[in-house]
Amino acid sequence: MEQRSSACPLDCPDACGLTVSIDAGRVVGLEGDHRGPITDGFICGKVRKFTDHMYGHDRIARPLVRAGAKGSGGWHGISWEEALGLMADRLQSIQARSGGEAILPYHYGGSNGWLTDGALVTRFFRRLGASNLQRTFCASATGAATRGLYGVMPGTALEDFVHAKLIVLWGVNPSATGIHLVPMIERAREAGAKLVVIDPRRTPLARRADLHLAPRPGTDLPVALAILHALFERGHADRAFLAEHTTGAEELARRASRWTLDAAAAESGVAAQDLAEFVELYAASSPAVIRAGWGLERNRNGGSAVAAVLAIPAVAGKLGIRGGGYTMGNGDARWGVGEEHGTAQPAPPTRSVNMSQISTALRELRDPRIEAMVVFNCNPVATAPDQRALIAELSREDLFLVVHEQVMTDTAALADLVLPATTFLEHDDLTRGYGTMRMFHSRAVVPPVGEARSNNAVFGELLTRMGLVREGDAMTDDAIAAQIFAAAPEGAKLARELAEHGVATPPPGDRPVAFVDVFPGTPDRKVHLVSEALDREANGLYTYRPDPRTDEYPLALISPALATQISSYFGQLRSAPATLGMARADAAARGITDGDPIRIWNQYGEVHCTAKLDADLREGVCMLPKGLWRKHTANGYTSNALIPPAVADLGGQAAFNDARVQVARR
Ligand SMILES: Nc1nc2c(c(=O)[nH]1)N[C@H]1C(S)=C(S)[C@@H](COP(=O)(O)OP(=O)(O)OC[C@H]3O[C@@H](n4cnc5c(=O)[nH]c(N)nc54)[C@H](O)[C@@H]3O)O[C@H]1N2
Ligand SMILES: Nc1nc2c(c(=O)[nH]1)N[C@H]1C(S)=C(S)[C@@H](COP(=O)(O)OP(=O)(O)OC[C@H]3O[C@@H](n4cnc5c(=O)[nH]c(N)nc54)[C@H](O)[C@@H]3O)O[C@H]1N2
Ligand code: SF4
Ligand SMILES: [Mo]
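Residues numbered from 1 in each chain as written. Chains lettered and ligands numbered in written order. Predicted model: local features only at pLDDT ≥ 70, side-chain atom pairs only at ≥ 80, totals over all residues. Heavy atoms only, no water.

Points about helix α15 (residues 302-315)
Argument step 1. Here α15 spans 20 Å end to end across 14 residues, near enough to the 20 Å set by a 1.5 Å rise per residue.
Argument step 2. Where burial is concerned, most of α15 is hidden: 14 out of the 14 residues are buried.
Argument step 3. Just past α15, the residue Gly317 takes up positive phi, approximately 70 degrees. (Helix = DSSP H or I, 4+ residues; strand = E, 2+ residues; numbered from the N terminus. Expected span 1.5 Å × (residues − 1). Buried < 20%, exposed > 50% of the residue type's maximum accessible area, 1.4 Å probe, protein only.)

What follows is the structure, encoded as structure tokens:
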């Protein structure tokens, strides 16, 4: 038995360092290591059992070409030579006939590593002149809001939460989605910190919180604006900080002034006295930190809501102290270099397609129509909005669908050509999370299962075959990594740390304090409370768009993360059928009891499953988790069949939680 180091590249903030046990060339165990600041030797159950995914019977071992109608389940195994030849021929003839824009790459969160997320795949499609993909499933509204207010600035380090006297979890459920924050919160509480949770459902941490505010989905904007208004009105605004470090405070106060606590209470369903209690607690506590999650961005008001939430610490003067401020995604820019440097090919001036509106794009785009779609790092049938229409479009006989995947997903099942992909234990990567400020150079620890190949191996080969390689191109993983690190002065330091220790910290250090060690990345280094760019994009930043519910579809459907999966990743391993969580009152009003077979429907689709009465949900809200597979419901559709192909006010963000539905017994 042998042990090797690796790191988890899954779409999770924590970015755990791993110790992998290997016996006779096979992985037999995974554990957390101590190289990162928060993993502390433990990891989630999903990755501890990664071998079930890696060696399970759904794993794809060789290239497959469909036999029979799309989605019929018939496949012929073919060689890589044949598969790549077929793919190159088809793409070349589509490009020659209809232009590169008839080809669409489609990818998202399968891997957060710099070598597997972009690099040669991106270079390949850019050189083909393919349509550009606007990647908007997640953190797109959040990213836009954060950039608009703060430029690029790292947030409060997760390990610094132990210093906070007040922790606010806003639209985030770390018990499932970023488990290493939970012990930090516990330690802070042992030292006397208070905990507030703002979430329409009573999450595990909300149950233990000092205060739980349960707004109706999509109403965080009036809640945050009312808090801002009260901070200004009650003399809790930090005038000195606002004058020195911000712009737009007066305009923000003006826009927030319409939202008294009573007005926000009426819209959100949170009691006005609870809002008042929050304002006083927040104003009186320091350090106070807001951990904003992704639950608040996925609706028509999402961008403005995140912006308003991020304005709160600036207005109340909670920045500039260790353990205070805010944490959003701790994105890439703090590294000074990024995967774009590995791609080394600017985006062509071709059209952009918003991935969250893929059903509409496939149906309606012309000149040219999308004739080929190449999917990797993504399972859109299970994760994109408007599932029923998407499945119909992907089943079109005249769409050439290629899916590069580890397992036979719902999307792969509709493909013309399926290519087997390696997992992170079978390829090299530069892995970093969006919470913990660490990067790992993780090497393959075992040979690939079957004939699986990495993203770079597949698309590097296609670049070569199709004559798209140019002189000086970095083509191997190591050459791409070297090119990334050569692109910035700090890169040399990062590369050295990675070579020596396999792990690196970013230039501002791993626990920077805002306004002490780091400043906003805006041109004047100030917080732009009413950013002009955001104001234009949102067509009026902080403008509230009312609840889209109707008498026909009165219930808000939310689809939070499951503890046992990452989005749809690992869904093949789940056997339990889907249940719709319902508040007791909503179930009773429809004569529904626990375990009843039900139908949930709206103008986009219909889902058949069973009801589960859930005391943790507020009235008017029901819940069907994200990432379920078609096999988990009685009619082969999931929550995504009920999600409109509509977007939030910023970033083209998918509005996953804007689904409004009706429910009845079946
Ligand atoms: N185990 C596990 N971990 C994951 C993932 C996973 O699928 N499973 N996914 C990863 C990914 S891709 C992401 S983006 C992150 C997501 O991390 P989180 O943001 O923590 O995940 P969600 O469960 O999507 O949403 C968080 C909470 O938002 C609440 N919510 C829904 N609508 C609203 C609203 O309008 N306002 C407010 N205030 N709250 C609302 C939900 O009830 C939920 O409890 O987690 C990552 N980690
Ligand atoms: N209803 C609903 N749907 C949602 C959301 C919601 O809140 N509600 N949230 C959304 C969010 S936050 C996100 S981030 C998206 C995520 O949506 P997706 O990007 O579709 O993410 P996953 O479901 O994790 O699927 C990733 C796939 O990539 C594959 N993969 C992993 N590594 C590699 C690799 O190296 N190469 C290749 N070729 N493939 C690989 C995995 O096997 C997996 O099938 O889902 C969104 N969908
Ligand atoms: S999914 Fe998250 S918690 Fe689990 S091992 Fe990966 S980084 Fe750690
Ligand atoms: Mo996400």
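So much for the structure itself; the text now carries on.
Section: the site of ligand 3
Argument step 1. Around ligand 3 sit Cys8, Cys12, Asp14, Ala15, Cys16, Ile43, Cys44, Val47 and His180, and that is every residue in its neighbourhood.
Argument step 2. The residue makeup of the shell around ligand 3, split by class, is seven nonpolar, one polar and one charged. (Near = heavy atom within 4 Å. Nonpolar A, V, L, I, M, F, W, Y, C, P; charged D, E, K, R; others polar.)

Remarks on the site of ligand 1
Argument step 1. Taken together, 32 residues lie near ligand 1, and Thr177, Asp199, Asp220, Gln565 and Ser567 sit nearest.
Argument step 2. One of the backbone nitrogen or oxygen atoms of Gly218 is found 2.8 Å away from an oxygen atom of ligand 1.
Argument step 3. Note that a nitrogen atom of ligand 1 is positioned 3.2 Å from one of the side-chain N or O atoms of Lys626.
Argument step 4. When the free accessible area of ligand 1 is taken as 900 Å², the share hidden by the protein chains comes to 98%.
Argument step 5. Along the lines of polarity and charge, the residues of the shell around ligand 1 split into 15 nonpolar, ten polar and seven charged.
Argument step 6. Looking at which domains feed residues into the shell around ligand 1, each of domain 3 (156-327 + 526-537) and domain 4 (555-665) gives three or more. (Polar contact = N/O pair within 3.5 Å; in protein donor to acceptor, adjacent residues only side chain to side chain. Areas by Shrake-Rupley, 256 points an atom, 1.4 Å probe, with all protein chains shown as cover. Domains from an automatic or database assignment.)

Notes on the pairing of strand β8 (residues 166-170)
Argument step 1. Of all the five residues making up β8, five are buried; the element is thus mostly covered by neighbouring parts of the structure.
Argument step 2. Of the two faces of β8, both are covered, the one formed by Leu166, Val168 and Trp170 as well as the one formed by Ile167 and Leu169.
Argument step 3. Where β8 meets strand β9 (residues 194-198), five bridges bridge the pair, whose relative direction is parallel. By the bridge assignment for β9, Val168 is matched with Val196.
Argument step 4. The pairing of β8 with strand β12 (residues 288-292) spans five bridges and is parallel. Bridged to Leu166 within β12 is Ala288. (Pairing = 2+ DSSP bridges.)

Topic: the nonpolar core
Argument step 1. Counting 145 residues, the largest nonpolar core has Tyr106, Trp170, Tyr542, Leu580 and Ile600 as its most contacted members.
Argument step 2. In this view, Leu580 contacts Leu557, Ile598, Ile600, Cys609, Thr610, Ala611, Lys612, Cys622, Met623, Leu624 and Val663; residues no more than four positions away in its chain are not counted.
Argument step 3. Within the second largest apolar cluster, 45 residues are counted, among which are Leu120, Leu463, Ala474 and Leu498. (Core = buried A, V, L, I, M, F, W, Y, C linked by side-chain atoms within 4.5 Å. Contact = heavy atoms within 4.5 Å.)

Topic: the pattern of salt bridges
Argument step 1. For the structure shown, the criterion picks out 38 salt bridges.
Argument step 2. Here Arg665 ties to Asp596 by a salt bridge, and the two come within 3.1 Å at their closest N and O atoms. You can see Arg665 sitting in strand β27 (residues 659-665) and its partner Asp596 sitting in the loop between α24 (584-589) and β24 (597-601), a full 69 residues away along the chain.
Argument step 3. Overall, the relative accessible area of 9% leaves Asp596 in the buried class.
Argument step 4. Salt bridges sharing partners connect three or more residues here, namely Arg66, Lys70, Glu397 and Asp416. (Salt bridge = Lys/Arg side-chain N within 4 Å of Asp/Glu carboxyl O.)

Comments concerning the environment of Arg66
Argument step 1. With respect to the helices, strands and loops of the structure, Arg66 is situated in strand β4 (residues 64-66).
Argument step 2. There is a polar contact of 2.9 Å between the side chain of Arg66 and the side chain of Glu397.
Argument step 3. Reaching out from Arg66, the side chain makes a polar contact with the side chain of Asp416 at a distance of 2.8 Å.

Re the side chain of Arg438
Argument step 1. Of note, Arg438 is situated in the loop between β18 (429-432) and β19 (439-442).
Argument step 2. A polar contact of 2.9 Å, which involves the side chain of Arg438, links it to the side chain of Asp510.
Argument step 3. Other than its neighbours up to four places away in sequence, Arg438 contacts Arg35, Gly36, Pro37, Arg334, Trp335, Thr431, Arg432, Gly433, Val503, Ala504, Thr505 and Asp510.

Some points on the domain arrangement of the protein chain
Argument step 1. Looking at the protein chain, the domain boundaries give domain 1 (2-54), domain 2 (64-136 + 337-504), domain 3 (156-327 + 526-537) and domain 4 (555-665).
Argument step 2. The centre of domain 2, based on its C-alpha atoms, is set 37 Å off from the matching centre of domain 3.

With respect to the packing of helix α5 (residues 120-128) against helix α20 (residues 455-465)
Argument step 1. Close contact between α5 and α20 brings their axes to 8 Å; oriented N to C, the two are set at 30 degrees. Here α20 runs roughly parallel to α5, going by the angle between their axes. α5 and α20 meet at a crossing whose hand is left-handed. On α20, the residues touching Leu120, Val121, Arg123, Phe124 and Phe125 of α5 are Asn455, Asn456, Phe459, Gly460, Leu462 and Leu463.
Argument step 2. In the contact of α5 with α20, the residues fall into seven nonpolar, three polar and one charged. (Axes fitted to C-alpha atoms, helices over the stretch in contact; angles between N-to-C directions. Parallel < 35°, antiparallel > 145°, perpendicular 65-115°, else oblique. Left-handed = near helix turned anticlockwise from the far one by under 90°.)

Concerning the pairing of β12
Argument step 1. In terms of burial, β12 is largely enclosed, as five of its five residues are buried.
Argument step 2. Burial of the side chains of β12 extends over both faces: Ala288, Ile290 and Ala292 are buried on one face and Val289 and Arg291 on the other.
Argument step 3. Here β12 runs beside strand β13 (residues 325-327); their pairing, made up of three bridges, is parallel. Directly across from Val289, in β13, lies its bridge partner Gly325.

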